[in-house]
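Each chain is listed here by its residues.
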Amino acid sequence: QVQLVESGGGLVQAGGSLRLSCAASGSISSINVMGWYRQAQGKERDLVAHITSGGSTNYADSVKGRFTISRDNAKNTVYLQMNSLKPEDTAVYYCNVGYYSSINYMRVNAWGQGTQVTVSS
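Residues numbered from 1 in each chain as written. Predicted model: local features only at pLDDT ≥ 70, side-chain atom pairs only at ≥ 80, totals over all residues. Heavy atoms only, no water.

Caption draft 1: How the structure looks around the pattern of salt bridges. All chains considered together, the criterion is met by three salt bridges. The salt bridge partner of Asp-89 is Arg-66, with a shortest N-O separation of 2.8 Å. A residue pair is termed long-range when its members are at least 10 positions apart, and Asp-89 in the loop between strand E8 (77-82) and strand E9 (91-101) and Arg-66 in the loop between strand E6 (57-59) and strand E7 (67-72) qualify at 23 residues. Note on Arg-66: relative accessible area 10%, which makes it buried. Connected through shared salt-bridge partners, Arg-38, Arg-66 and Asp-89 make up one network. (Salt bridge = Lys/Arg side-chain N within 4 Å of Asp/Glu carboxyl O. Helix = DSSP H or I, 4+ residues; strand = E, 2+ residues; numbered from the N terminus. Buried < 20%, exposed > 50% of the residue type's maximum accessible area, 1.4 Å probe, protein only.)

Caption draft 2: View of the nonpolar core. With 29 residues, the main nonpolar core has Trp-36, Val-48, Phe-67, Val-78, Leu-80, Met-82 and Tyr-93 as its most contacted residues. At the level of secondary structure, the elements contributing two or more residues to this core comprise strand E3 (18-26), strand E4 (28-39), strand E5 (46-51), E7, E8, E9 and strand E11 (115-120). Looking at this core element by element, the count peaks at five residues for E9. (Core = buried A, V, L, I, M, F, W, Y, C linked by side-chain atoms within 4.5 Å.)

Caption draft 3: Structural context of the packing of aromatic side chains. Scanning the model with the defined rule gives one aromatic pair in all. The positively charged end of Arg-45 is found above the aromatic ring belonging to Tyr-94, 3.6 Å away from the centroid. The aromatic ring of Trp-111 is capped on one face by Arg-45, whose charged end is 4.8 Å from the ring centroid. (Phe/Tyr/Trp six-rings, centres within 6.5 Å; stacked < 30°, edge-to-face > 60°. Lys NZ or Arg CZ within 6 Å of the ring centre and 35° of its normal.)

Caption draft 4: The sheet that holds E3, seen in detail. Pairing within the open sheet is antiparallel, and its four strands lie in the order E1-E3-E8-E7. Looking at which strands have only one partner, the edges of the open sheet turn out to be strand E1 (2-7) and E7. Within this sheet the neighbouring strands show an average axis-to-axis angle of 15 degrees, counted without direction. As judged from the six bridges shared by E1 and E3, these two strands associate in the antiparallel manner. Of the residues in E3, the one forming a bridge with Ser-7 is Ser-21. (Pairing = 2+ DSSP bridges. Axes fitted to C-alpha atoms, helices over the stretch in contact; angles between N-to-C directions.)

Caption draft 5: Examining unusual backbone geometry more closely. One non-glycine residue, Asn-76, lies in the positive phi region at around 50 degrees. The residue Asn-76 is located in the loop between E7 and E8 in this model. Non-glycine residue Ser-84 carries a positive phi angle of around 50 degrees. Looking at the secondary structure, you find Ser-84 in the loop between E8 and E9. By relative accessible area, Ser-84 is classed as partly exposed at 40%.

As structure tokens, this is what we get:
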């Protein structure tokens, strides 16, 4: 009984910026890791970035220096600031959250439904 609501996707010119948001709600005791994955047409889903509850971050080599992941723990929300966008960034971006259920306190992995990011040349 957890929902991940993604927003912020859209169409942007190369060199532009977008900010993705993912808000988690429902039967959550606490959230551990939050991250973003992406899947381009005809490609497999790959990790873009993730951030731990303590604020440690990891990035895919292809986005280092351009993307920034952050989180607002009070709002159970993770963000992905995407700058200097390239056509190769075009993909469906999926939010992923690892959390502990408030129902049984088991660790659960949840996925958002995805938001389309299209970068034109």
